[in-house]
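# Geometric and topological summary
The primary structure of each chain is shown beneath.
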2 protein chains.
Amino acid sequence: MSIDAALRALAPVLGDRLSLSKSDLAAHGQSETHFDPTPPDAVAYPRTTQEVSQIVKICAQHRCPVVGYGAGTSLEGHTLATQGGITVDFRHMAQVLEVHSEDMTVRVQPGITREALNEDLRATGLFFPVDPGANATLGGMAATRASGTTAVRYGTMRDNVMALEVVLADGRVIRTGSGARKSSAGYDLTALLVGSEGTLGLITELTLKLQGQPEAIAAATCAFDTIDAAVQAVTATIAMGIPMARIEFLDAASVAAVNAYSRADFLVTPHLMVEFHGSDAGVAEQAERFGDIAQDCGGSAFSWASKPEDRTRLWQMRHHAYWAIIASRKNTTAIVTDVCVPISKLAQAVAETQADIDAAPIPAPILGHVGDGNFHAILLIDPDNADEKRAAVDLSAGMAERALALGGTVTGEHGVGLGKLPYMAAEHGAGWDVMGQIKRAMDPLNILNPGKVVRLD
Amino acid sequence: MSIDAALRALAPVLGDRLSLSKSDLAAHGQSETHFDPTPPDAVAYPRTTQEVSQIVKICAQHRCPVVGYGAGTSLEGHTLATQGGITVDFRHMAQVLEVHSEDMTVRVQPGITREALNEDLRATGLFFPVDPGANATLGGMAATRASGTTAVRYGTMRDNVMALEVVLADGRVIRTGSGARKSSAGYDLTALLVGSEGTLGLITELTLKLQGQPEAIAAATCAFDTIDAAVQAVTATIAMGIPMARIEFLDAASVAAVNAYSRADFLVTPHLMVEFHGSDAGVAEQAERFGDIAQDCGGSAFSWASKPEDRTRLWQMRHHAYWAIIASRKNTTAIVTDVCVPISKLAQAVAETQADIDAAPIPAPILGHVGDGNFHAILLIDPDNADEKRAAVDLSAGMAERALALGGTVTGEHGVGLGKLPYMAAEHGAGWDVMGQIKRAMDPLNILNPGKVVRLD
């Protein structure tokens, strides 16, 4: 392996779009959470698929690691160049290439963010529904199989990526999937690449499913006395088959942080934030049914956000909850957990997590996309306090192990990155070895985001 | 490779559940369509995952081909033992293992058929929605990524299989997925195995998503003067975002065959058969909106099937359409095509197909799951007439090539099997080589359904 040789070969190809600047390297070596900074040796800014292919070919020749980079919003250290090498930043490949209104699909480059995409789509009456909160890039969202608040209705990136263009580890360019809404033509390479975290290929183009803007939208918040009551309302709503567009849970600590950060005045008790999409009549019916269920579970202080600006404010508050929670403690670093369990185990999982947190020396607000059984605890630690760090690691491990014991997964949406690698063997058993076999077959030199997702002994 | 040695090693393991009877071999060497019979050397009837693992281990030791077998309803020759070896018939692994009502999931063995599963689920108020028409096994449906009439609403097997237990090519048993509704924990092995047609592993258990029985169901048939008018009604309905549970197209020739076979009296013109699922109010609203659109497109002779028995009869007629069409010509063999195109290209694809059929010397009724852009022509040939066979091959090739030219796929739901192998390179380009790399990594001896899906040069 010679990273220097790769850099020398890349320089004439990319010119000033190969950056060795210290600040650039440092910026790409940061993560949103608690991982140690690990900068790459250079940052490449390709403009075309052809250039990405050239970069990977050169890196393959010199066995130089290649790490894809979107908006850097990963919470599990996916983009950290832990073995050095080249970070490929897709910011110059951020175009909407083609909107197919009749097919309700769009072809985009990987560097476009979901907010920019939806801004671009506004006039079409269509939107891209997957919403992880952060303004991530579509390439990054596909690579981590992101989801978020709307997955309960519209699915995750697994469900919304129809086709990909991908640069493989030897520089070959393939297209997976097609413009058809379904296919039985062989192995589902699209699904294999979605969630592969840049370890099997670099995504250079995506075809995404779009949704029509709903005729009617209604959103509401509802307060509950206990976490258990709120979670019971969620499971009852799902059992009734009410088509929720969003159903989000915040515990009292999260609500307090949101109040302080977003100058809101929610009761400081567990809350659900919900949204319904459909026809006027359909939304009214869904909202009424949900209201009945919530009331049966002791819900109170209903507040309906019917105006678009009120809804925007509501979901901004929700999306900023992560920052609100971090701001709720001074000089803190967050360790974000992300487990997902069967709906039938959600109440138990949240209650036991809450009990663990109550017994721990650190604050850890809980919130999540409970309609999917997915929730997070934001563990707030003083990074210089070893006891707190140990407590956070223990809490995080306890949540992951409990999720597995309950038949769930150690990451519902944040991905493996560095943080969840220690649990992959426990979650997948021999299946993890199969992932390694696939990695070796598709990236025999182990140059694509090495050290992530799989173990290659 | 020594198949005989494998048979000798298997005999003491399986006893009389290893069959060498001529009739058994012949039955498993047949297909529903035009492929030449190719019986295996033996048929194994395992009762447990452990036995499947033993079978595969022994076959691996002797490099003996292993072909999975469900209900034998494949239309592309998937189960034909073209290289001999052992067919593994899952009929003794056909149990419902566990219903999780609250999670709306069920764990089943692969040999259960979809009708048996739904019969078993009846008392729970839940049902499994994927409906390919044929009473296929769930293992077979997963292996071919089946779909059918309801995919427009509930998705295909890709969307409805949450987790699998799989015996790999070396006999190892893995579990993929989990009981959580989403996960970002590594490569999506479930999605890779769904649609792999028994070439990467043998499915020994499935966890499936279930749906609540809709509160209200309405179904209808509607006649159109032309194919184009019917297809326009489909694309307009989809553009309006009306949530159809089914939207099926039959051309005039298909309708005539259905009339004769099922003693019905539809107008002999192109028809749509539709179904809506939802609340009482929701279904009424959807039905009214669809009615308006159909009328705008010249639809007439609306007939609503509101009673359950009328709906059952309607969908039985649809499901028997394949047999009705075969019965419409004496001494015929069917070659069934299966293409899927972007919705925006559906009208063009159907019209050009119809023109080709009009110019051909054989009858070929068209029907399909047009809400997904998926349609079939049933090419009816006299198997002893070389001209007709050639015409059918040409029509089929023309449809596949047109689907690719229009950005679609050569198989929407029937799978690759033997029939679609010739188009895999054209559809996937270098992606087909990647499929081969994955196959080699997971089945280096090429014993699992050899000769299917991939090319191993």
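The name that an unreviewed UniProt entry assigns to chain A is D-lactate dehydrogenase (cytochrome), with the source organism given as Octadecabacter antarcticus 307. According to its UniProt record, chain A has this under Cofactor (unreviewed entry): "FAD". Quoted straight from UniProt, the Sequence similarities (unreviewed entry) entry for chain A says "Belongs to the FAD-binding oxidoreductase/transferase type 4 family."

## Some thoughts on the sheet that holds strand E2 (residues 42-44) of chain A
Residue and element names in this part refer to chain A. Strand order in the open sheet formed by four strands is E1-E2-E4-E3, and the pairing between neighbours is mixed. Pairing within the sheet leaves two strands with one partner each, and these edge strands are strand E1 (18-19) and strand E3 (66-69). Direction of pairing for E3 relative to strand E4 (residues 86-89): parallel, over a ladder of four bridges. Across the sheet, Tyr-69 pairs through a bridge with Asp-89, a residue of E4.

## Topic: the sheet that holds strand E8 (residues 161-167) of chain A
Residues and elements named next belong to chain A. Pairing is antiparallel in the open sheet, where five strands are placed in the order E5-E6-E10-E8-E9. At either end of the open sheet lies a strand with only one pairing partner, and these are strand E5 (96-100) and strand E9 (173-177). When strand polarity is set aside, the average angle formed by the axes of neighbouring strands in this sheet is 15°. With four bridges joining them, strand E6 (residues 105-108) and strand E10 (residues 202-209) adopt antiparallel strand pairing.

## Some thoughts on the interface of chain A and chain B
Much of the literature gives interface size as the accessible area that the parts lose upon coming together. Across the boundary between the two partners, chain A contributes 74 residues, which contact 74 residues of chain B. Counting the surface chain A buries against chain B, the share from its top three residues, Lys-182, Ser-184 and Tyr-187 of chain A, is 17%. Here chain A and chain B share eight salt bridges between them. For the interface between chain A and chain B, the tally reads 45 residue pairs in polar contact (both at pLDDT 80 or more). Contributions of two or more residues to the side of chain A that touches chain B are made by helix H7 (157-160), E9, helix H8 (189-193), helix H9 (227-239), helix H11 (280-296), helix H16 (424-428) and helix H17 (430-442) of chain A. With 10 residues, the single largest contributor to the side of chain A that touches chain B is H17 of chain A. The residue makeup of the side of chain A that touches chain B, split by class, is 27 nonpolar, 28 polar and 19 charged.

## Topic: the domain arrangement of chain A
All names here are of chain A. On domain assignment, one finds that chain A holds domain 1 (3-89), domain 2 (96-212), domain 3 (216-319) and domain 4 (329-442 + 452-457). Taken over C-alpha atoms, the centre of domain 3 sits 25 Å from the centre of domain 4. Roughly 1200 Å² of surface becomes buried between domain 3 and domain 4 when both sides are summed, with 68% attributable to carbon and sulfur atoms. Where domain 3 packs against domain 4, one counts five residue pairs in polar contact (both at pLDDT 80 or more). Among the elements of the structure, H9, strand E13 (244-250) and helix H10 (252-262) are those that each provide at least two residues to the side of domain 3 that touches domain 4. At seven residues, the largest contribution of residues to the side of domain 3 that touches domain 4 is made by H9.

## Digging into the side chain of Glu-275 of chain B
Residue and element names in this part refer to chain B. Within the fold, Glu-275 resides in strand E14 (residues 271-278). Look at Glu-275 and you get buried, because its relative accessible area is 3%. Looking at Glu-275, its side chain comes within polar contact range of the side chain of His-277, at 2.7 Å. Once residues lying within four places of it in the same chain are set aside, the contact partners of Glu-275 are Ile-217, Ala-218, Ala-219, Met-244, Ala-245, Arg-246, Arg-311 and Trp-315.

## Comments concerning the UniProt feature "domain: FAD-binding PCMH-type" (unreviewed entry) in chain A
Here, the residues flagged by UniProt with the feature "domain: FAD-binding PCMH-type" (unreviewed entry) are residues 35-213 of chain A. Secondary structure content for residues 35-213 of chain A is 23% helix and 25% strand, while the C-alpha to C-alpha distance between its ends is 39 Å.

## Some words on the relation of the copies chain A and chain B
To go from the first copy of the chain to the second, apply a rotation about an axis and then a shift along the same axis. Each copy superposes on the other: chain A lies on chain B with an RMSD of 0.0 Å after a rotation of 180° and an axial shift of 0.0 Å. Both copies are brought into coincidence by an operation consistent with a two-fold rotation axis. Comparing interface residues between copies, 100% of those in chain A also lie at the interface in chain B; the contact surface is shared.

## Details of the packing of aromatic side chains
Residues and elements named next belong to chain A. The tally for this structure, following the rule as stated, stands at 12 aromatic pairs over all chains. Linked through ring pairs, Phe-276, Phe-290, Phe-302 and Trp-304 together constitute an aromatic cluster. Directly above the ring of Trp-315 sits Arg-246, whose terminal nitrogen or CZ lies 4.5 Å from the centroid.

## Overview of the pairing of strand E14 (residues 271-278) of chain A
Residues and elements named next belong to chain A. With eight of eight residues buried, E14 lies mostly within the body of the structure. Residues His-271, Met-273, Glu-275 and His-277 of E14 are buried on one face, and the alternating residues Leu-272, Val-274, Phe-276 and Gly-278, pointing to the opposite face, are buried as well. Bridging between strand E12 (residues 216-223) and E14 involves eight bridges; their strand directions are antiparallel. In the sheet register, Ala-218 faces E14, and the bridge partner there is Phe-276. For E13 and E14, the ladder comprises six bridges, and the chain directions are antiparallel. Considered in E14, the bridge of Leu-250 is made with His-271.

## Here we look at the environment of Ala-400 of chain B
Residues and elements named next belong to chain B. Among the structural elements, Ala-400 can be located in helix H15 (residues 386-405). A residue is classified by how much of its surface remains accessible, and Ala-400, at 0% relative accessible area, is buried. Each C-alpha atom, one on Ala-400 and one on Ala-169, is 32 Å from the other, the two residues being 231 residues apart in sequence. In contact with Ala-400, not counting residues within four places along its chain, are Val-339, Val-410 and Tyr-423.

Basis of the calculations
Residues numbered from 1 in each chain as written. Chains lettered and ligands numbered in written order. Predicted model: local features only at pLDDT ≥ 70, side-chain atom pairs only at ≥ 80, totals over all residues. Heavy atoms only, no water. UniProt positions renumbered as here; feature names shortened; annotations may be inferred. Pairing = 2+ DSSP bridges. Helix = DSSP H or I, 4+ residues; strand = E, 2+ residues; numbered from the N terminus. Axes fitted to C-alpha atoms, helices over the stretch in contact; angles between N-to-C directions. Contact = heavy atoms within 4.5 Å. Buried area = accessible area lost by both parts, 1.4 Å probe. Salt bridge = Lys/Arg side-chain N within 4 Å of Asp/Glu carboxyl O. Polar contact = N/O pair within 3.5 Å; in protein donor to acceptor, adjacent residues only side chain to side chain. Nonpolar A, V, L, I, M, F, W, Y, C, P; charged D, E, K, R; others polar. Domains from an automatic or database assignment. Buried < 20%, exposed > 50% of the residue type's maximum accessible area, 1.4 Å probe, protein only. Least-squares fit on C-alpha atoms with pLDDT ≥ 70 in both. Phe/Tyr/Trp six-rings, centres within 6.5 Å; stacked < 30°, edge-to-face > 60°. Lys NZ or Arg CZ within 6 Å of the ring centre and 35° of its normal.

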